[in-house]
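Analysis of the macromolecular model
So you can see what is in the structure, the chains are spelled out below.
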Amino acid sequence: MHESLTADWTAGNGAPVLLSLPIIVPLLVGAAAALIGWRRGPAWMTVGASAAIALCGVATAVATVDGSVISAGPLRADALSAIMLLTVGVVAVVATWAGIYHIDADINAGRSDPRRARFYGMGVPLFLASASLAVLAGNLGVLWTAIEAMTILAAFLIGLAGTRTSWEAKWKYVVIASVGLALACVGTVLVYVAATTGHRSLDWAYLSMHAAQLDRGVLRIAFPLLLIGFGAMAGLVPLHSWLPDAHGQAPAPVSALMSGCLLSVAVYALLRYHSVVMVSLGPGFLRVVLLAVALASLVIAASMLLAQRDYMRLLAYSSMQYMALAVFGLAVGTPIAVAATLLHLLGHGLGKAILFCGAGQICAREGSTEFAHLRAILSRHPTVAGISALALAALLGFPPFSPFASMHTLLSAGLDSGLTIPTVLVATTIVVIFIAVVARVTPMFFSPAPQAAALPYLSSSRAQIAPLVVGLIGLALLGTLSFSLQHLLMTAGMIVTGR
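1. Re the packing of aromatic side chains
- The final tally for this structure, using the stated rule, is 9 aromatic pairs.
- Between Trp44 and Trp97, the aromatic rings sit 6.5 Å apart at their centres with planes inclined by 55 degrees, giving tilted as the arrangement. Highlighted residues: Trp44 in helix α2 (residues 40-64) and Trp97 in helix α3 (residues 79-108), separated in sequence by 53 residues.
- Residue classification places Trp44 among the partly exposed residues on the basis of a relative accessible area of 35%.
- For Trp97, a relative accessible area of 19% gives the class buried.
- Lying over the aromatic face of Trp204, Arg76 brings its terminal NZ or CZ to 5.5 Å of the ring centre.
- The ring centre of Trp204 lies 4.1 Å from the NZ or CZ of Arg272, which sits over that ring.

Rendered as structure tokens:
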């Protein structure tokens, strides 16, 4: 980050309040849930805490859109932090709002109990506090610690159902995530060691300003470790196999938070390191390693989607596709490509919050997540299925939703940067994934139900569908009004690319 872009706020300008609220408010809500248990009061307070995170993201965006930096002790925010904080907030609003009715339905159906509901009510706001700390941390060591906290909380939330399959998914996630975090920790330490002149530091602003003085040989070792380590948390090759199991077994709102927040925050860590490594090593080395991971992840996602028989796992592999596209944008490495990547992450988060929460309602009533048992859902669950169909269309790249704009911009940026062959390969996998998803979900939405099932029409209450409708409206507005975020996105793009 260039010194000319820095205009630090002081304590008198309210920076401590603005930066600490997204962390403190969820922590207080989590403490209240631990004491009170699962009640509508703490549940709605979690929604309020999510809204507070989103509003702080908006306020931070306004303050940093011109390239300014807000700092308060160990917390620090720029335009990149603001976009990620906004992403965490809007995803959390939809997921926690829908989660109220999801947990109540599980308790009424005997799939959960007050003890598990208490842990959900406590774990979710703590997860959000950790996510906020990750994107607001001024130190890369604190960033790693916050992602580790998110990982631990996510592990417990994955196993909430208490079934054998949920426990298997939980421990698979723990093992793979531990390997990833260990690699990321080694990479972080190596970045600290790479400082050959002056004092060593993990402060990202200091590292950005002194990137040219870092030991290039050490960074060449550190960045692949960081890419594999944080890539594991983003569901990228080679440590990606936890993703479908965890998303398939976690409560639907938790899957929404993992897909929209955890994966995005892991990519944010790579974005933050990119601004340091880019200046030191140049674009050539970064492009090679980033393109290798992005293309391999896209190929794996496409192949698994072609053979997929489970709806929740299909949504999980779709998340893998989106994270791979984000890494492709990072590989392109231009400000406009990074801007498109950030819009991509925001649109993906909102879309997946809608889809996972909607899938939770549908699959709970149907008693299965397999396509073979999901039939005629559009005629039997018209509102929820209709919203889910529109959200799927959005993530597949239909206008007027934001993924249409972000995908188009990413591919255009790739061609403009001379990456013709990789861009063509990415476009080809997008087409294959489009065909695979449409082929799988079309029978689920439109095929008639089996005659023997005699499945009745099932309606959803307005309260249940309200968060999904709000999320879908937000996704449409993000697509039609994305030009209003252009300046903020480009400012963040310049921070990441060091330009």
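Once the structure has been displayed, the description carries forward.
2. As for the pattern of salt bridges
- Summed over the entire model, instances satisfying the criterion amount to 8 salt bridges.
- One salt bridge connects Lys172 with Asp245, and the closest N-O pair in it is separated by 2.8 Å. Of the two residues, Lys172 is situated in helix α6 (residues 164-193) and Asp245 in helix α9 (residues 242-249); the sequence distance between them amounts to 73 residues.
- For the salt bridge of Glu366 with Arg380, the shortest nitrogen-to-oxygen distance reads 2.3 Å.

3. Here's the deal with the side chain of Asp106
- Among the structural elements, Asp106 can be located in helix α3.
- On the basis of relative accessible area, Asp106 is assigned to the buried category, the value being 11%.
- In this structure Asp106 touches Arg111 and Ser112, once residues within four positions along its chain are discounted.

4. A few points about the packing of α3 against helix α10 (residues 252-281)
- At a closest axis distance of 8 Å, the pairing of α3 and α10 adopts a crossing angle of 170 degrees. With respect to their mutual orientation, α3 and α10 come out roughly antiparallel. In this structure, α3 uses Leu80, Ser81, Met84, Thr87, Val88, Val91, Ala92, Ala95, Gly99 and His102 to contact α10, whose residues at the interface are Ala252, Pro253, Ala256, Leu257, Gly260, Cys261, Ser264, Val265, Tyr268, Leu271 and Arg272.
- Of the residues in the contact of α3 with α10, the class split is 14 nonpolar, 6 polar and 1 charged.

5. Side note on the packing of helix α12 (residues 311-332) against helix α15 (residues 382-395)
- With their axes 12 Å apart at the nearest point, α12 and α15 run at an angle of 30 degrees to one another. It follows that α12 is roughly parallel to α15 by the angle criterion. For α12 against α15, the interelement crossing comes out left-handed. Two secondary-structure elements touch here, α12 through Tyr311, Leu315 and Tyr322 and α15 through Ser388, Leu392, Ala394 and Leu395.
- Of the residues contributing to the contact of α12 with α15, the split by class is 6 nonpolar, 1 polar and no charged.

6. As for the side chain of Asp78
- Its place among the elements puts Asp78 in the loop between β2 (75-77) and α3.
- Residue class for Asp78 comes out buried when judged on its relative accessible area of 0%.
- At a separation of 3.2 Å, a polar atom in the side chain of Asp78 contacts the main-chain amide nitrogen of Leu80.
- Non-local contacts of Asp78, meaning those with residues more than four positions away in its chain, are made with Thr60, Thr64, Ser68, Val69, Trp204, Arg272 and Ile495.

What counts and how
- Residues numbered from 1 in each chain as written.
- Predicted model: local features only at pLDDT ≥ 70, side-chain atom pairs only at ≥ 80, totals over all residues.
- Heavy atoms only, no water.
- Phe/Tyr/Trp six-rings, centres within 6.5 Å; stacked < 30°, edge-to-face > 60°.
- Helix = DSSP H or I, 4+ residues; strand = E, 2+ residues; numbered from the N terminus.
- Buried < 20%, exposed > 50% of the residue type's maximum accessible area, 1.4 Å probe, protein only.
- Lys NZ or Arg CZ within 6 Å of the ring centre and 35° of its normal.
- Salt bridge = Lys/Arg side-chain N within 4 Å of Asp/Glu carboxyl O.
- Contact = heavy atoms within 4.5 Å.
- Axes fitted to C-alpha atoms, helices over the stretch in contact; angles between N-to-C directions.
- Parallel < 35°, antiparallel > 145°, perpendicular 65-115°, else oblique.
- Nonpolar A, V, L, I, M, F, W, Y, C, P; charged D, E, K, R; others polar.
- Left-handed = near helix turned anticlockwise from the far one by under 90°.
- Polar contact = N/O pair within 3.5 Å; in protein donor to acceptor, adjacent residues only side chain to side chain.

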